[in-house]
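# Working through the structure, step by step
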Amino acid sequence: MTIKMSSRVAQALTATGAALTLASPFLAWTWTAAYPGNLTLNGYPGGSQVVTLVTGLLATMFAAAAFGVPGVRRLAPAGAVRALRAASLAALTTTWVTVAAIAITLGGAVNVEPGGWLAAVAVLLLATGAHALADDTAESPPKGVRLPWAVEVALITVVFLAAMFVLTYGITTDSAEDFLAFLPAAGFGARALSVAGVTRRISEINARHRVAVAALASALVFPFTQTGDQYTAIADNILVFAAVALGLNIVVGLVGLLDLGYVAFLGTGAYSAALVSGSTFSTFHIAPWPFWATALLGMGVSLLAGLIIGAPTLRLHGDYLAIVTLGFGEIFRITVNNLDGTSGPSLTNGPNGINAIPDIELFGFDFGAPHTILGVSFGRFANYYLLLLAVIAVIVFVYARAGDSRVGRAWIALREDEKAATAMGIEGFRFKLLAFGLGASLAGLAGTVMAHLQTNAVPDNYKFADTAPPNSAFLLAAVVLGGMGTISGPLVGAALLYLIPAKFEFFNRYQMMLFGLALIVMMRFRPEGLVPDRKHQLEFHDEQVSGAEARQVAAEATV
Amino acid sequence: MSTPPVLEAPGTGTSPLLEARRVTMRFGGLTAVDGVDLTVGRGQIVGLIGPNGAGKTTFFNCLTGLYVPTDGEVRFDGAALPPRPAKVTRAGVARTFQNIRLFANMTVLENVIVGRHTRTTAGLLSAIGRGPRYRREERESHSRAGELLEFVGLGGQGNQLARNLSYGAQRRLEIARALASEPKLLLLDEPTAGMNPQETRETEELVHAVRDQGIAVLVIEHDMRFIMNLCDRVAVLVQGSKLIEGAPGDVQADERVVEAYLGAPDDEPPPLDEGDEAATRDPNQERTA
């Protein structure tokens, strides 16, 4: 969308808008501290004003690049105007959401102080100006230069810390209003960086370094920024969800098998851990197993379950496989519901589940007790956060290495064309079963931690669809939404799909409907997911990425 | 239908490389392939021609284990060939498809490396462990795949997605992928379908180069000039049965072949070249088995 206007006026509008946007967070937007985040102070931005300020800074940066300010231009190698537009939309949406929320939650537009009105007008000017500027997207963005090793590593560290900061801000928003203002800002902000070519440049640099180490290191920073357990608990749940989504991504993303009952393997792991945890509700009254043994048991039992379910079902294709796995997922839940001693053998304590699971103790380290590391007190949830990071690291390691090997190539070949893969000598059933078993055992590993983290294992945690993750529908959605066949995709998808229902509890009645709508919109406009596999992007947006090549193929095919 | 004499494969001493005996494939009441005998000697190029729907592709599928023949036996290199695609590929038979079947969203190089599946052994655990043996195997696969891409004329295009290659290049990539499994026999299913004359000539040269490496070729083709230039022997399949087998020139001159392609002649048989064109007119038309 563009607006017709002389370029002089457009530049003036953009500059004025940007300046006013930067100034407005320093004014009071409302008169009462009843609105979350305290927006009443002059001279000091608070709450959602910070988001407006940050998006305003981003827009100012891209505006400077678009105006050709020396040095800044390099920050938008692929073109600054489209990036400026996205950044201005980030400022516009977040500011208007906040102003509207003030008016609605406090009961009328009179509650908006002049500062708020100024902000609303400023972002509108900025967005209008940005959309009136002429597009300067580079046909072929210049290749990035290699920087000295230390500079590149420092750059990666800064990028990851910034990403972690944004994520932390999202996790720690303490009101739905703040989160609602954060979400579009983050979305449009990410889009701005992407169309500016910054994301691409960063991934080029990332490809030359051990980026997983940097990601892990910046994730380690999170518990140091937290004083209480409130948000660390949310982060823990996100990590459990993400770990399982990553495991599912092997089955769905690499091999292309639609598994709708995957949460059963998480449950298998959780119940295995619960049974040997020494809980008084467990059927086995034994001393608690050490966690490493529990983890192996959970993985083993889940692997076995995966093989038992996979052996008959993996001979089916497409929709049939989806239906049968959906059935097996429900069978798991109903079975553990009935193994209560009356409906069936006594094993799982039926619908009440196995409660009071004690905390993990690993090599003398009690995960339930607070520990002091580098002068920072680590509570129970921070301890589990560290353990879950280790679990994710294991899963990412396995995923990355398996995916880029003879086995991974066979999986992808089966996904792409099973008949051709068979003709190449790939035994389809064997490799599908291998993927199914690997995915199941990784979910089982996550399950063992989850049982201890939540201190219980109850059947209702492992449904097909529910309003809160993890359940099979949300797991699949996290993979598809984030980006199939990638590592960061399911992590992003899991974080979003956990945070959105958790922050918008008042949407509870409409949650499933909104969830469905979001998926439809997503499939229409970005079927490759938020973090697309480079190859998938080519698949879905052929006309943009390689129009010339596609035309060539078409022309030659008609000869 | 009379059984044509099986010609002794020229230039081979002992047993032929591929020996199909009375291969029959029935789908319910339909007999798609009816008692076909065919031998391919070492280092030979044998052509398989016939009108649309004659059962040529079905016969290929019987050889490669995609179909289990209802009756008959396939022997390869002196041993019975089990009807399992993985075992067939491992034994040394590779194929291409009539409608290109590449792994569209893998890179060109990855496509060829997948072709080496049966010649490599790394499992899941060694992929995770990445010991020296694994790395050596990967290195070998990469360099061998690179050589094969050079061989078929796709050098330097290894990092593209297969789907972005031109049509002719996709056909060559399919051949490279098949060669990656280190076959003794290569089955080509209409390698020049949809190609222009220039690309057809290039494919011809490529098939010659493949044979020069000691790999026998069995090729289904409609382009009669291609068959005449390349093949040591030609077999004609009509309605599931083998009509005739022999040297290309003899087959081309045979009245029954002309009749099979064009119907019974009115007074004088037309020159066969026109007949070829009639048969080649719509090579992409799907054959029902």
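Computed from a predicted model, the values in this text were never measured in an experiment. (Residues numbered from 1 in each chain as written. Chains lettered and ligands numbered in written order. Predicted model: local features only at pLDDT ≥ 70, side-chain atom pairs only at ≥ 80, totals over all residues. Heavy atoms only, no water.)

## Observations regarding the domain arrangement of chain A
Worth spelling out the cut-off: Where a domain begins and ends is set by an automatic assignment or by a domain database.
Taken domain by domain, chain A comprises domain 1 (7–160 + 174–197) and domain 2 (214–463). Centre-to-centre separation of domain 1 of chain A and domain 2 of chain A, based on C-alpha positions: 40 Å.

## Observations concerning the packing of helix α9 (residues 230–254) of chain A against helix α16 (residues 428–454) of chain A
All names here are of chain A. Inclusion rule: Each axis is a line fitted through C-alpha atoms, taken for helices only over the stretch in contact, and angles between the N-to-C directions span 0 to 180 degrees. Secondary structure is summarised from DSSP: a helix means a run of H or I of at least four residues, a strand means a run of E of at least two, and numbering begins at the N terminus for each. With respect to orientation, any angle under 35 degrees is reported as roughly parallel, any angle over 145 as roughly antiparallel, any angle of 65 to 115 as roughly perpendicular, and every other angle as oblique. We call two residues in contact when some of their heavy atoms are within 4.5 Å.
Two elements in contact, α9 and α16, have axes whose closest approach is 8 Å; the angle formed by their N-to-C orientations is 170°. Here α9 is positioned roughly antiparallel relative to α16, judged by the angle of their axes. Of the residues in α16, those in contact with D236, N237, V240, A243, V244, G247, I250 and V251 of α9 are A435, F436, L438, G439, L442, A443, A446, M450, L453 and Q454.

## Digging into the packing of helix α8 (residues 211–225) of chain A against helix α13 (residues 380–403) of chain A
Residues and elements named next belong to chain A. What counts here: Take the far helix as your reference; a near helix turned counterclockwise from it by less than a right angle gives a left-handed crossing, and one turned clockwise gives a right-handed crossing. For this classification, the nonpolar set comprises Ala, Val, Leu, Ile, Met, Phe, Trp, Tyr, Cys and Pro, the charged set comprises Asp, Glu, Lys and Arg, and every other residue, Gly included, is treated as polar.
Between α8 and α13, the least distance of the axes is 10 Å, while the angle of their chain directions is 165°. When the interaxial angle is binned, α8 and α13 end up roughly antiparallel. For the pair α8 and α13, the sense of crossing is right-handed. Counting all contacts with α8, which are made through L216, A219, L220, F222 and P223, the residues of α13 involved are A382, Y385, L386, L389 and A393. In terms of residue class, the contact of α8 with α13 is made up of 10 nonpolar, no polar and no charged.

## Some thoughts on helix α10 (residues 263–275) of chain A
Helical geometry: 3.6 residues make up each α-helical turn, so side chains three or four residues apart lie on a common side. Cut-off, in case you're wondering: Working rule for helices: expected span equals 1.5 Å times residues minus one. The classification of residues rests on relative accessible area computed with a 1.4 Å probe and restricted to protein chains. Under 20% of the type maximum is buried, over 50% is exposed, and intermediate values are partly exposed.
Look at α10 of chain A: 18 Å from first C-alpha to last across 13 residues, which is about the 18 Å you get at 1.5 Å a residue. Taking burial as the measure, the 13 residues of α10 of chain A include 13 buried ones, the bulk of the element.

## Regarding the interface of chain A and chain B
Where we set the bar: A simple way to read buried area is as the amount of 1.4 Å-probe accessible surface that goes missing from two parts once joined, with both sides added. What makes a salt bridge here is a side-chain nitrogen of Lys or Arg within 4 Å of a carboxyl oxygen of Asp or Glu, nothing more. Identification of polar contacts relies on pairs of N or O atoms within 3.5 Å, with a donor-acceptor requirement for protein atoms, meaning one able to donate a hydrogen and the other able to accept it, and with residues adjacent in sequence counted only if both atoms are side-chain atoms.
Counting residues at the interface gives 39 residues for chain A, matched by 43 residues for chain B. Between chain A and chain B lies a buried interface of about 3600 Å² when both sides are counted; carbon and sulfur atoms form 59% of it. The largest contributions to the chain A side of the interface with chain B come from R406, R409 and M424 of chain A, which together make up 22% of the buried area. Linking chain A with chain B are two salt bridges. R101 of chain B is paired through a salt bridge with D417 of chain A; the nearest N and O atoms lie 2.9 Å apart. For the interface between chain A and chain B, the tally reads 12 residue pairs in polar contact (both at pLDDT 80 or more). Those elements that provide at least two residues to the side of chain A that touches chain B are α13, α14 (406–416), α15 (418–423), α16, α20 (534–540) and α22 (547–557) of chain A. Ranked by residue count, the leading element in the side of chain A that touches chain B is α14 of chain A, at eight residues. When its residues are assigned to classes, the side of chain A that touches chain B shows 21 nonpolar, five polar and 13 charged.

## Brief notes about the domain arrangement of chain B
All names here are of chain B. Examined at the domain level, chain B breaks down into domain 1 (1–92 + 184–289) and domain 2 (104–182). On the side of domain 2, 13 residues touch domain 1, which itself brings 22 residues to the contact. When the two sides are added together, the surface that domain 1 and domain 2 hide from each other amounts to roughly 1300 Å², 66% of it contributed by carbon and sulfur. There are one salt bridge connecting domain 1 and domain 2. Of the charged contacts, one joins E202 and R172 as a salt bridge, the two residues approaching to 3.5 Å between their closest N and O atoms. Where domain 1 meets domain 2, there are four residue pairs in polar contact (both at pLDDT 80 or more). When contributions to the side of domain 1 that touches domain 2 are tallied by element, the ones reaching two or more residues are α2 (85–91), β7 (185–189) and α7 (197–212). Here the side of domain 1 that touches domain 2 is built from residues that sort into 11 nonpolar, five polar and six charged.

## Focus: unusual backbone geometry
The backbone of T455 of chain A sits at a positive phi, close to 60°, despite the residue not being glycine. Its location among the elements puts T455 of chain A in the loop between α16 and α17 (472–482). Judged by its relative accessible area of 29%, T455 of chain A is partly exposed. At E182 of chain B, a position not held by glycine, the phi torsion is positive, near 50°. Note that E182 of chain B resides in the loop between α6 (167–179) and β7.

## Digging into the pattern of salt bridges
Considering all chains together, one arrives at 22 salt bridges over all chains under this definition. Note that R380 of chain A and D359 of chain A form a salt bridge whose closest N and O atoms lie 2.8 Å from each other. One end of the pair, R380 of chain A, is in helix α13; the other, D359 of chain A, is in the loop between α12 (318–338) and β1 (361–362), and 21 residues separate them in sequence. One salt-bridge network, in which partners are shared between bridges, spans E19, R21, E73 and R75 of chain B.

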